[in-house]
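Architecture at a glance
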Amino acid sequence: MERNAIQKLLEWKTSSRRKPLVLKGARQVGKTWLMKEFGKRYYTKTFYFSFDAETSLHEVFKVNKDPRRIVEILGTIRGDKILPGEHLIIFDEIQECAEALNSLKYFNEDANEYHIIAAGSLLGTLLAKPMSYPVGKVNLLEIYPMNFDEFLNATDSDLYKYLEKTPPAEILKIQHDKLIEQYRNYLIIGGMPDCVSSWIQDRNSGTVLQIQKDLLELYENDISKHNGKIDAGRILLVFRSLVTQLSKENEKFIYGCVKQGARAREFEVAIEWLVSAGLVLRVYDVKKPEHPLKAFEDLSSFKLFFFDVGLAKCAAGVSNEAIILNTDFQFKGPLTENYCLEQFQGLFEVFPHYFSPLRNYEVDFLLQNETQIIPVECKAGGNVTSASFKRYRNEENPALAIRLSTLEYKKQENMLNLPLYLACRISRI
């Protein structure tokens, strides 16, 4: 399967500002595969070290601070010499060895000729603590689940090639219908590499569903495993409340839905942990839809989404039949918004926000493209009526507004009607 992150890794390799690279992202999003595949393609040899599988490696970093001495020892362990620039060094599950994580500082300062990529589970929670990693001494790259383009390329390369070469306005109706069918498949399968790989091999949605259930259980076990260092009970309560939170008429996160009588101070740390771990996506409301959006964030008003739409579908218990036949169900709107948010990740410098100034008045997302603020409406089907979106366009008069739905591409005045399968291409369009 082809991943877009390979290109970003290549840019890192050739950058004059290259430092040791740390990959962030939730477990099972494909970080290990990416590192190994990148090494195989662009280096003469890859030296892979896992601090989880090879606990004896910890001692190397505990007794050595000199990065060149560390490289020499690692090469001896593998029975070969590690060459700067020609070979790639991979430190996987680096969170298991604090000394190895800290060594990246010395590699940057004293031995930056060596190309090093590190990754690990829950690294985001470590990086959120200022003293737990070498600040300013590493490059960071967020790794997400596969977006729709990557999914399409993996499952129907001919259709992907057609989409690549065809302007949105020229997509034929027959191809549009095929792309909408693939979009609905993506809602079911999601972007987790194991799920996509299983779908490619067997086309068995039942097998995919079991993988998704196993992944959700894995994440809950991860949370429980760290009890003592964190308040696992509160984190689990928040994580398990996501479906309920998103199923409400107003999707704004309500602490009382986690636990009756709950207050913000009881669960703020739990939410921060989930966001840092990459397991949930947090979208803040803004008090004004103006540039810069972060200056107008309402930190007390936000929504939490799943980091993968397939896991959201699994957790909510949505049937495949409801998605394939496009029938109405309680979670349909939130599932579509979750999909869109997942596709928007990494496209703009500023993470998406939303705008909800009054009861019964809400714009799904606001995107900041340099100084331009673009309102986005996400519709699950072909019924695109939205009083809130119409009101926003009338009152704020944006230079561009975007509506995503199952309808074909259409441009009208200052609004673009985009098919949902183009969501991950929104910055290009």
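Here's what I pulled together on the structure shown here. Keep in mind that what you see is a predicted model, and the values were worked out from it rather than measured.

1. Focus on the overall build of the protein
The secondary structure content of the protein amounts to 18 helices and 13 strands. Relative to the 2.2 N^0.38 estimate, which gives 22 Å for 429 residues, the radius of gyration of the protein is 23 Å and therefore close to what a compact globule would have. Dimensions of the protein along its principal axes, counting C-alpha atoms only, are 65 × 55 × 45 Å. Taken across its 429 residues, the protein has 54% of its residues classed as buried. Carbon and sulfur atoms make up 46% of the accessible area of the protein, which totals about 19600 Å². Each charge sign in the protein was given a centre, from 55 positive and 56 negative side chains, and these centres are 2 Å apart.

2. Overview of the environment of L358
Structurally, the position occupied by L358 is in strand β8 (residues 353-358). A relative accessible area of 46% places L358 in the partly exposed class. Along the chain, L358 and I143 lie 215 residues apart, while their C-alpha atoms are 35 Å from each other.

3. Some details on the pairing of strand β13 (residues 415-419)
The side chains of a regular strand alternate, first on one face of the sheet and then on the other. Counting buried positions along β13 yields five of five residues, so the element is predominantly enclosed. The alternating pattern of β13 places M415, N417 and P419 and L416 and L418 on opposite faces, both of which are buried. Where strand β11 (residues 401-405) and β13 come together, five bridges link them in parallel fashion. Bridge assignment links I402 to a residue of β13, and that residue is L416. Alignment of strand β12 (residues 410-412) against β13, held across three bridges, turns out to be antiparallel. The residue bridging Q412 from the neighbouring strand is M415, located in β13. Connecting the antiparallel pair β12 and β13 is a turn made up of two residues, with E413 showing a positive phi of about 50°.

4. Concerning the pattern of salt bridges
All told, the structure shown has 27 salt bridges when counted by the stated rule. A cluster of three or more residues bridged by salt bridges with shared partners is formed by E2, E37, K40 and R41.

5. Some words on the environment of R27
Tracing the sequence through the fold places R27 in the loop between β1 (21-24) and α2 (31-42). Aside from chain neighbours lying at most four places away, what touches R27 is S121, M192, L218, Y219 and D222. Within polar-contact distance, the side chain of R27 engages the side chain of D222 at 2.8 Å.

6. Details of the packing of helix α7 (residues 148-155) against helix α8 (residues 157-165)
Where α7 meets α8, the closest approach of the two axes is 5 Å, and the angle between their N-to-C directions is 130°. Between α7 and α8, the angle is such that the two are oblique. Here D149, L152, N153 and T155 of α7 come into contact with α8, specifically with S157, L159, Y160 and L163. Considered class by class, the residues forming the contact of α7 with α8 number four nonpolar, three polar and one charged.

7. Concerning the sheet that holds β1
Pairing is parallel in the open sheet, where five strands are placed in the order β2-β3-β4-β1-β5. The outermost strands of the open sheet, each flanked by one partner alone, are β2 (45-50) and β5 (139-142). Going from strand to strand, the sheet's axes swing by 20° on average, the running direction of each strand aside. Where helix α4 (residues 67-78) meets the sheet, its contacts fall on β2 and β3 (87-92), and the angle it forms with β2 comes to roughly 95°. On top of the sheet, helix α5 (residues 98-110) reaches β1, β3 and β4 (115-119); it is set at about 160° to β4, its chief contact.

Calculation notes
Residues numbered from 1 in each chain as written. Predicted model: local features only at pLDDT ≥ 70, side-chain atom pairs only at ≥ 80, totals over all residues. Heavy atoms only, no water. Helix = DSSP H or I, 4+ residues; strand = E, 2+ residues; numbered from the N terminus. Rg over C-alpha atoms; globule rule 2.2 N^0.38 Å. Buried < 20%, exposed > 50% of the residue type's maximum accessible area, 1.4 Å probe, protein only. Areas by Shrake-Rupley, 256 points an atom, 1.4 Å probe, with all protein chains shown as cover. Lys, Arg positive; Asp, Glu negative; His and termini not counted. Charge placed at Lys NZ, Arg CZ, Asp CG, Glu CD. Pairing = 2+ DSSP bridges. Salt bridge = Lys/Arg side-chain N within 4 Å of Asp/Glu carboxyl O. Contact = heavy atoms within 4.5 Å. Polar contact = N/O pair within 3.5 Å; in protein donor to acceptor, adjacent residues only side chain to side chain. Axes fitted to C-alpha atoms, helices over the stretch in contact; angles between N-to-C directions. Parallel < 35°, antiparallel > 145°, perpendicular 65-115°, else oblique. Nonpolar A, V, L, I, M, F, W, Y, C, P; charged D, E, K, R; others polar.

By themselves, these observations are geometric and do not establish any function.
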